[in-house]
Each structure stands twice: as C-alpha cells, then as structure tokens.
Amino acid sequence: MEYILSITGHILKGCGLTLQIYFVTVIGSVPLAILFALGRTSGPKFLDKALGIYAWIFRGTPLLLQLFFFYYGLTIFGISLPPFGAAALTFIINYAAYMMEIFRSGIQSIDKGQYEAARALNMSYWQTMWRIILPQAFKRTLPPSTNEAITLVKDTALVVVIGMGELLRSAKEIFTRDFTITPFVIAAIFYLLLTSVVINVFRTLEKKLEVYD
Amino acid sequence: MAMVKLANIHKYFGDVKAVDGVDLEVTPGEVVSIIGPSGSGKSTLLRCINQLETVNIGRVEIEGQAVVEIDDEGHRTHLDKGKVIAAQKKLGMVFQHFNLFPHKTVLENVIEAPLVVNKENRRSAVARAEKLLERVGLADKHNAYPSQISGGQKQRVAIARALGMEPDILLCDEPTSALDPELVGEVLAVLRDLAHANMTMLVVTHEMAFAREISDRVIFMDQGKVLEDGSPEKIFKQPDHPRIRDFISKMI
C-alpha cells in the first residue's frame, strides 16, 4: 500500500503537467477555432481557402510529427522553443484545426431564418453571430466537441517525445525502475478519472442547454 | 410623405425575374395586402423593402429616406450609412416561419434587439416587452421557450418582437401560411388589432377574407409585376383582369 501511495505521488506530479497542457490547449484553441470558423463561413473566399489548407495540413498529418516540427524542426530556422512552449503551440494549432471544422459545421447548420430575423431587427454581424448564431451552434457542436476533449486528454501523452515528464512518462519511469505494471494501472486510472471529469462536464452542459428544445 | 416608396424595383435570381419593375407607395396608417399566385414575387418584393434581398435595379425609400438606389446600369448611389440604418429601424418584419430565437425565452426574444441594437436599459425594455406580450395575449408565457408554445403563439411572439423595436411600418410575409388552420385566427386577430391601431402594414397573404377585411388597398402580383392595385372591393368584386378573378375564385 505504501508502495502504491508513493508511486501515485510520483505519477501525480506528471499529472500536473498533463493538466497544464490540457488547459492551455483548450483556452488557446477554442477562441482561435471560433474565429477561424467565422472566417470560413463569413470571410472572403481566399480566407476560407487558406483555412481549408490549414485544416488539411493539421488534420492530415500526425500530431506527433507536428510536435517534432515545432520543437526540433523550427531550430533550423533559428527558432528554438522551450518544450512546454512547443507543446502548447502544437496542440493549440492542431486542436484549433479540428475545432474550427466542428464549429464551422455547427454554424452552417443554423437556419437561414435566424440570420434574417436578426437582420430584420437591425442587429449587426457581430451581434448576430455572438448572440444568436454561435450560442445555437455551440449547443449543436457539444457532442463532437466532447470527443475532441477526451482525445486531448490522451494526446497529451505525446509530449514525452520532446522530453517532458507528463503522467504516462512518470509511470514509465517507475516501471523501468521497479519492473512492475502497477504504475501503468495507476496511470490508466488517472486517465479514466480525467476523461470522466471531461465527460461529466460536457454532459452537464448538454443537460443545461436541453431546456430549449 | 409616403411611408414606403418603391420605384422601378427589379430583382433577378439568375435568369428568373422575381420582381420585374414594381412601383409602390404606402401612405401612413395604410394597410396594403399583396396577393397573387405563388412565385409571383410577392415575398421577394417585401424582402426588397428591408434589404433581405438586394435589389438589382430600383430605389427604396422609407419615410423619405432612400435606403437603396441602383440605376438601370447597376450603379449604386452612395447613401449615408447612418441615415440608412435609422430609416431601416422603422421597419419591422414578421416571417412565415416565425424565426424566433430558440435559445431565448419569449421575453428574451422581445427584449433582445432593444437591448443589443438600441442599447435600451433592461428595465424599460422588459416593461415594454411585458406590455407587448400582454397585447398579443401572451402575458403568461414570458419564461417559455419557443419550442414549448404553439405555432400561433410563436407568431404572436414574433409580432411582439417586431413591435419591440417600435417600428412605423410592419412587413408581414405570409404570417399565417405555416400555421394549422385552427391557429390562424389568433394571429389574424393580433394583426387586425394593429391595423385598427393605425399601424402601417404591408401584408403578403393567402388569407383572402382577411385581406379583404383589413386592407385599405390590395395589390395583385403576377410574374413579378403588379397586375392591379386597387381597393379590396375593386380587386375582389370586379377586377380588370380575368386572371385575378380566376385566382380569387380558386382561393375562396
């Protein structure tokens, strides 16, 4: 028992970094994705094209490769980011690409009549988007967003490749030292706890927004 | 001064001439019904007034202020944006499919534009909204969401929402066409009440009896043109065009 507690403490330290990356990614990528989605749906054509290419690249290549690129690859251009900076940047850009497409489909699913009603009431573009369209689109995009939010918990494990000590690496260190699978079981429990929290947050949100259908 | 003045309005959708050279003037307090077969351009014409459709050619004036002016060559006259917006605020619109904001309660639907567009303070917006909802007979539905009320109630909320911006002119685009027959009456009653209260109204409708009863003038449109423009008695009893007689006999 004492053994389990001691390795749990160690893994918990790694968990802190996992959470940091998680929240930085959410806080950075969601607003960016909303802005990009608006750019795709109501910006000029070239912007839509450019953002389409952005989505194609970042959804079409492995996150691992992107992580390598931002951490190692950029040094060739004389830019060297600290591990956390590189990880945050990669995750934000990658997740913003996915979330942009999710929000775009959400925005496009809103009935044209909503825009017309807002327009007839003389609401401006931003008033219409912010107060009428996005809240409804947000609700519709909750289920696919839940998937992304869960995937992100697990994707954070990828930062080990640029030498960061997150949850899974802490577990692996103990495994290497003691040669027992206990740390992996504990790591799995941690991941399950984290994803359960995520699922519950989204479920609560969905429930709360159910009032109007 | 005319409340609404349309001059030589043309609106094309590709090769289709939805509106083909329409002139129209509506005087203060006048209730004008626009009738005609589907596809005749009635709704499009109405939507050209508040710029939900951009005209290809023509001039739209609201209370003397031009809001759009495009000459035969397609040159657009530059208009003062502030004045255009001020003029457009005099228009309210009611849609066939209500287009209420589903994520907002009945009361929130009504106060939304006054709060956000006119920056009215919440207390006075709510007080006015409550009066309007009472006027349309929905004083007890403030906190309901649109999904929780009937079609007729939705349309009455939509009317209250339009009135919330204190328009001088109400545009109604087939306000009862999406309603179950038994719910049409309650919406027409509200519109009738508005007509009697001297609201200037332009109503695109298929409710012939209603058009005949409340209108000061009836306009018959066909293939994007105004075929006849006259008093309800004239249009419904002795129209100049046999097409109109045909149409009306089929509708009644």
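Bear in mind the structure is a predicted one, so any value in this text is a computation, not a measurement.

Q: Would you mind showing me how to read the interface of chain A and chain B here?
A: You'll often see interface size given as the accessible area lost when the parts meet. Contacts between the two partners involve 19 residues from chain A, matched on the other side by 26 residues from chain B. Carbon and sulfur atoms make up 58% of the area that chain A and chain B hide from each other, which totals about 1900 Å². For chain A, the biggest contributors to the area lost against chain B are Leu121, Asn122 and Tyr212 of chain A; these three give 32% of the whole. The tally of links between chain A and chain B comes to two salt bridges. Glutamate 116 of chain A serves as the salt-bridge partner of arginine 47 of chain B, at 2.6 Å between the closest nitrogen and oxygen. At the boundary of chain A and chain B, one finds 10 residue pairs in polar contact (both at pLDDT 80 or more).

Q: Sorry if this is basic, but what is going on with the pattern of salt bridges here?
A: Pairing between side chains of opposite charge can happen when the charged atoms of each approach one another. Using the criterion set out here, one finds 24 salt bridges over all chains in the structure. Two residues, arginine 40 of chain A and aspartate 48 of chain A, come together in a salt bridge whose shortest N-O distance is 2.7 Å. Residue classification places arginine 40 of chain A among the buried residues on the basis of a relative accessible area of 17%. Two residues, glutamate 112 of chain B and arginine 131 of chain A, come together in a salt bridge whose shortest N-O distance is 2.6 Å. Here the residue glutamate 112 of chain B occupies a position in helix 3 (residues 106-116), and arginine 131 of chain A occupies one in helix 6 (residues 125-140), the pair thus bridging two chains. Judged by its relative accessible area of 2%, glutamate 112 of chain B falls in the buried class. Note on arginine 131 of chain A: relative accessible area 31%, which makes it partly exposed. One continuous salt-bridge network, built from bridges that share partners, spans Arg40, Asp48, Glu101 and Arg104 of chain A.

Q: How should a nonpolar patch on the surface be read in this particular structure?
A: All names here are of chain A. Taken together, the side chains of Leu168, Ile181, Phe184, Val185, Ile189 and Leu193 make up a nonpolar region of the molecular surface, amounting to roughly 520 Å² of accessible area. If one sorts the elements of the nonpolar patch by residue count, helix 9 (residues 182-209) sits on top with four residues. Tracing the chain through its elements places valine 185 in helix 9. On the basis of relative accessible area, valine 185 is assigned to the partly exposed category, the value being 43%.

Q: I keep staring at the sheet that holds strand 4 (residues 57-62) of chain B and nothing clicks. Help me out?
A: Sheet strands pair by backbone hydrogen bonding; their relative direction is either parallel or antiparallel. Residue and element names in this part refer to chain B. Taking strand neighbours across the sheet as the criterion, the four strands line up as 2-1-4-5 in an open arrangement whose pairing is antiparallel. For this open sheet the edge positions go to strand 2 (16-26) and strand 5 (65-70), each flanked by a neighbour on one side alone. With strand direction ignored, the average angle separating the axes of adjacent strands in the sheet is 15°. Summarising the sheet, strand 4 and strand 5 pair through five bridges and their orientation is antiparallel. Following the sheet pairing, valine 60 is matched in strand 5 by valine 68. Relative to strand 1 (residues 4-13), helix 1 (residues 42-49) is tilted by about 120°, and along the sheet it contacts strand 1, strand 2, strand 4 and strand 5.

Q: Explain the sheet that holds strand 9 (residues 217-222) of chain B here, please?
A: All names here are of chain B. Spatial strand order, 6-7-8-3-9-10: six strands in an open sheet with mixed pairing. Looking at the sheet topology across the chains shown, the edges are occupied by strand 6 (91-94) and strand 10 (225-230). In this sheet, adjacent strand axes meet at a mean angle of 20° when their direction is disregarded. Two elements, strand 7 (residues 169-173) and strand 8 (residues 200-204), share five bridges in a ladder whose sense is parallel. Residue pairing in the sheet places aspartate 173 in a bridge with valine 204 of strand 8. Where helix 5 (residues 151-163) meets the sheet, it contacts strand 6 and strand 7, and its direction lies at approximately 170° from that of strand 6.

Q: Teacher, can you tell me more about the packing of helix 2 (residues 45-60) of chain A against helix 4 (residues 83-108) of chain A here?
A: Residue and element names in this part refer to chain A. At a closest axis distance of 9 Å, the pairing of helix 2 and helix 4 adopts a crossing angle of 120°. For the element pair helix 2 / helix 4, the angle class is oblique. The handedness of the crossing between helix 2 and helix 4 is left-handed. In this structure, helix 2 uses Leu51, Tyr54, Ala55, Phe58 and Arg59 to contact helix 4, whose residues at the interface are Ile93, Asn94, Ala96, Ala97, Tyr98, Met100 and Glu101. Here the contact of helix 2 with helix 4 is composed, by residue class, of nine nonpolar, one polar and two charged.

Q: Explain the packing of helix 1 (residues 2-42) of chain A against helix 9 of chain A to me, please; I cannot follow it from the model alone.
A: The description of two packed helices rests on the angle between their axes and on the distance between the axes. Residues and elements named next belong to chain A. The interhelical angle for the contact between helix 1 and helix 9, taken along N-to-C directions, is 40°, at an axis separation of 10 Å. Taken together, the axes of helix 1 and helix 9 lie oblique to each other. In this structure, helix 1 crosses over helix 9, and the sense of that crossing is right-handed. Within the contact between the two elements, helix 1 uses Tyr3, Ile4, Ile7, Thr8, Ile11, Leu12, Cys15, Thr18, Leu19 and Tyr22 and helix 9 uses Thr182, Pro183, Ile186, Ala187, Phe190, Leu194 and Val198. Here the residues of the contact of helix 1 with helix 9 sort into 14 nonpolar, three polar and no charged.

Q: For this particular structure, what's the right way to read the nonpolar core?
A: In a soluble, globular protein the nonpolar side chains are often hidden away together inside. Ile49, Leu191, Met201 and Leu202 of chain B are the most contacted members of the largest nonpolar core, which totals 107 residues. If we skip the residues at most four places from it in the chain, methionine 201 of chain B touches Glu30, Val31, Val32, Leu170, Cys172, Leu191, Leu194 and Ala195 of chain B.

Q: How do you make sense of unusual backbone geometry when you look at a structure like this?
A: Trans peptide bonds make up most of the peptide bonds, and negative phi angles are found at most residues other than glycine. All names here are of chain B. Non-glycine residue lysine 119 carries a positive phi angle of around 55°. Within the secondary structure, lysine 119 is located in the loop between helix 3 and helix 4 (122-135). Of the residues examined, lysine 119 reaches a relative accessible area of 62% and is grouped as exposed. Non-glycine residue glutamate 174 carries a positive phi angle of around 45°. For glutamate 174, a relative accessible area of 11% translates into the label buried.

Q: How should the side chain of aspartate 20 of chain B be read in this particular structure?
A: Residue and element names in this part refer to chain B. Among the secondary structure elements, aspartate 20 is positioned in strand 2. Owing to a relative accessible area of 14%, aspartate 20 belongs among the buried residues under this scheme. For aspartate 20, the side chain forms a polar contact with the side chain of lysine 225, separated by 2.5 Å. What aspartate 20 contacts, discounting residues up to four positions off in sequence, is Ile9, His10, Gln223, Gly224 and Lys225.

Cut-offs and rules
Residues numbered from 1 in each chain as written. Chains lettered and ligands numbered in written order. Predicted model: local features only at pLDDT ≥ 70, side-chain atom pairs only at ≥ 80, totals over all residues. Heavy atoms only, no water. Contact = heavy atoms within 4.5 Å. Buried area = accessible area lost by both parts, 1.4 Å probe. Salt bridge = Lys/Arg side-chain N within 4 Å of Asp/Glu carboxyl O. Polar contact = N/O pair within 3.5 Å; in protein donor to acceptor, adjacent residues only side chain to side chain. Buried < 20%, exposed > 50% of the residue type's maximum accessible area, 1.4 Å probe, protein only. Helix = DSSP H or I, 4+ residues; strand = E, 2+ residues; numbered from the N terminus. Patch = residues over 30% accessible without salt bridge, like charges linked within 9 Å, V, L, I, M, F, W, Y side chains within 5 Å. Areas by Shrake-Rupley, 256 points an atom, 1.4 Å probe, with all protein chains shown as cover. Pairing = 2+ DSSP bridges. Axes fitted to C-alpha atoms, helices over the stretch in contact; angles between N-to-C directions. Parallel < 35°, antiparallel > 145°, perpendicular 65-115°, else oblique. Left-handed = near helix turned anticlockwise from the far one by under 90°. Nonpolar A, V, L, I, M, F, W, Y, C, P; charged D, E, K, R; others polar. Core = buried A, V, L, I, M, F, W, Y, C linked by side-chain atoms within 4.5 Å.

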